[in-house]
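Overview (structure and organization)
Residue-level listing of the chains:
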Amino acid sequence: MRELLIDRKKCTSCEVCLSACPFGALSLQGNGVVVGDQCNLCGACVDECPEGALVMSGERKDVDVSDWQGIWVFVEHADGEMAGVVGELLSEAKRMAQRAGYEVSAVLAGSGVGHLVDQVTARGADRVYLVDHERLAAMHEETYADLLATMVRRYRPSVFLFGATVRGRSLAPRLAARLGTGLTADCTELDMESSGRLIQTRPAFGGNIMAPIVCPNHRPQMATVRPRILRADPPDPDREAEVIDLSGEMEVAEARTVLLEAAQEEGEGVKIEDADVIVAGGRGLGSPEGFDALRDLARTLGGAVGASRPVVDSGWIPYPHQVGQTGKTVSPTVYIACGISGAVQHLAGMRSSDIIIAINRNPEAPIFKIATYGLVGDVFKIISHLKDEVEKARDGEGG
Ligand SMILES: Cc1cc2nc3c(=O)[nH]c(=O)nc-3n(C[C@H](O)[C@H](O)[C@H](O)COP(=O)(O)OP(=O)(O)OC[C@H]3O[C@@H](n4cnc5c(N)ncnc54)[C@H](O)[C@@H]3O)c2cc1C
């Protein structure tokens, strides 16, 4: 942890640091200079002190970035199955690795996970670091972060990527803090320069700008990436990878916490992140009952029900259905937006859908700007009509 320390033997109470501090955080009291709560550890006073009496402890040192090579992808898995985002990350890592002359490694840790080696290889890994240990059966972030930190220090990857899933979002920051490096959370785009510098793009300022972020002086360059944003290549079963089995060798610490119970996420029907068709509703539905018509249509189409944030906040439908910047990112074949205006924060979660059908009574609604097909009119009349037509077509009575 960084902390501003004052060497009382060197401090002459000259007050130079008081005027150097842009936050007015330093003051002169009985026993010399005192650091107040406003200090944000910017270090301006350290540079100005003529006596060298101010020191920033825990200062992070720049690293020699040329020592750090390759791209690592963390293999998230549950119930013996690899998370979908891993294939997306490995595919993107493969594309970027070619630019920098890097290799792609998958980091596969867990208990009884050996069967996933072939899957990550087919998805693009040139090397698989395997740690199979019973203490890794449950996802204790502390245990995983300790293990991964040891591996990173030993093998020095230039880049380490995680899915921006519940687990990835919890594990990656712990690891970054242990390693004293940066982390860009929730990226929507990645790119790599031939030098190996990772360009990590994510929405900033409420989604109004896309900010490219770099980590120039520390390694590894760490990022979490939202699922279903990057393109996953089809698996290639003929690929081969070097497997480095560290199972017997790596020390796996015992967790200080105990997993008592794993609860199923609250939500109805098909999960939006797995659905090919999503029928999503917004404030234009008028009430929680408005969702009944959407559920009907979703059932008819074999799809899932999505929602905008205000209707989730109002308790019309639970959070797992929320699409957008603070909800889930989805990329279905068909996204039907019903009574949703098309705020940037909503679009951030669904704009990569293949076909977007917008239903809104306001022809000026921003959602129409990104819609493949726009239907202007009352949402309930249009949904009911759509449902009838789908059923007719299915029964062979329609076109
Ligand atoms: C930091 C931050 C994060 C956010 N994250 C998210 C997020 O993850 N997801 C998200 O969705 N929002 C998010 N928001 C909120 C976002 O800014 C918008 O307020 C929200 O998306 C609007 O929801 P809506 O389209 O349902 O409602 P409104 O903007 O009120 O739109 C309702 C629409 O329904 C139409 N309508 C009304 N009645 C009918 C009818 N009978 N038939 C047809 N059309 C009708 C209206 O013309 C209107 O266009 C976030 C905001 C902030 C500041």
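Residues numbered from 1 in each chain as written. Predicted model: local features only at pLDDT ≥ 70, side-chain atom pairs only at ≥ 80, totals over all residues.

Focus: the site of the ligand
The following threshold applies: Should the C-beta atom of a residue, placed from the backbone, lie within 6 Å of a molecule or strand, that residue is near it. For the purposes of this entry, the term helix denotes a DSSP run of H or I that reaches at least four residues, the term strand denotes a run of E that reaches at least two, and both are numbered from the N terminus. When residue character is reported, Ala, Val, Leu, Ile, Met, Phe, Trp, Tyr, Cys and Pro are called nonpolar, Asp, Glu, Lys and Arg charged, and the others, Gly included, polar.
Around the ligand, a shell composed of 28 residues is seen, among which G282, G284, S308, R309 and G324 lie nearest. For the shell around the ligand, the secondary structure elements donating two or more residues are α8 (309–313), α9 (344–347) and β20 (355–360). Here the element with the most residues in the shell around the ligand is α8; it accounts for three residues. Split by residue class, the shell around the ligand holds eight nonpolar, 16 polar and four charged.

Comments concerning the environment of E15
Counting through the fold element by element, E15 comes out in the loop between β1 (3–6) and α1 (16–20). Put simply, E15 and A304 are 289 residues apart on the chain and 65 Å apart in space, counted from C-alpha to C-alpha.

Examining helix α7 (residues 290–301)
Note the following rule: An expected span of 1.5 Å times one less than the residue number is assigned to each helix. Buried means a residue has 20 or more other C-beta atoms within 10 Å of its own C-beta, exposed means 12 or fewer, and partly exposed covers the counts in between; C-beta atoms are placed from the backbone. The arc refers to the directions leading from the helix axis to the C-beta atoms.
Counted at 1.5 Å a residue, the expected span for α7 with its twelve residues is 16 Å, and the 18 Å between its end C-alpha atoms agrees. All of the buried residues along α7 are G290, F291, L294, L297 and A298. Down the axis of α7, the smallest arc covering the buried residues is 120°, so these residues share one side. Taken from the residues just after α7, G302 is the one with a positive phi, measuring 70°.

With respect to the domain arrangement of the chain
The condition is simple: Source of the domain bounds: an automatic or database domain assignment. Contacts are defined on C-beta atoms placed from the backbone: any two residues whose C-beta positions lie within 7 Å are in contact.
Once the domains are mapped, the chain shows domain 1 (3–57), domain 2 (65–245) and domain 3 (272–394). The centre of domain 2, based on its C-alpha atoms, is set 32 Å off from the matching centre of domain 3. At the interface, eight residues of domain 2 touch nine residues of domain 3. For the side of domain 2 that touches domain 3, the class distribution of residues is three nonpolar, three polar and two charged.

Overview of the sheet that holds strand β18 (residues 304–307)
Applied cut-off: Two strands qualify as a pair provided DSSP detects at least 2 bridges between them. Every axis in this analysis is a line fitted to C-alpha atoms, fitted for helices over the stretch in contact. Angles between the N-to-C directions lie between 0 and 180 degrees.
In space, the five strands of this open sheet follow the order β18-β17-β19-β20-β21, with parallel pairing throughout. The open sheet has two edge strands with one neighbour each: β18 and β21 (373–376). Adjacent strand axes in the sheet meet at a mean angle of 20° when their direction is disregarded. Bridging between strand β19 (residues 334–338) and β20 involves five bridges; their strand directions are parallel. Residue pairing for β20: V334 is matched across the bridge by I355.

Concerning the pairing of β18
Formally: Seen with its strands pointing away from the viewer, a crossover is right-handed when the path leading from the first strand over the helix to the second is clockwise.
Neither face of β18 is exposed, since A304 and G306 on one face and V305 and A307 on the opposite face are all buried. Inspection of the sheet shows strand β17 (residues 277–281) paired to β18 by four bridges, in the parallel sense. Opposite A280, over in β18, you have G306 as the bridge partner. The parallel pair β17 and β18, bridged by α7, forms a crossover whose chirality is right-handed.

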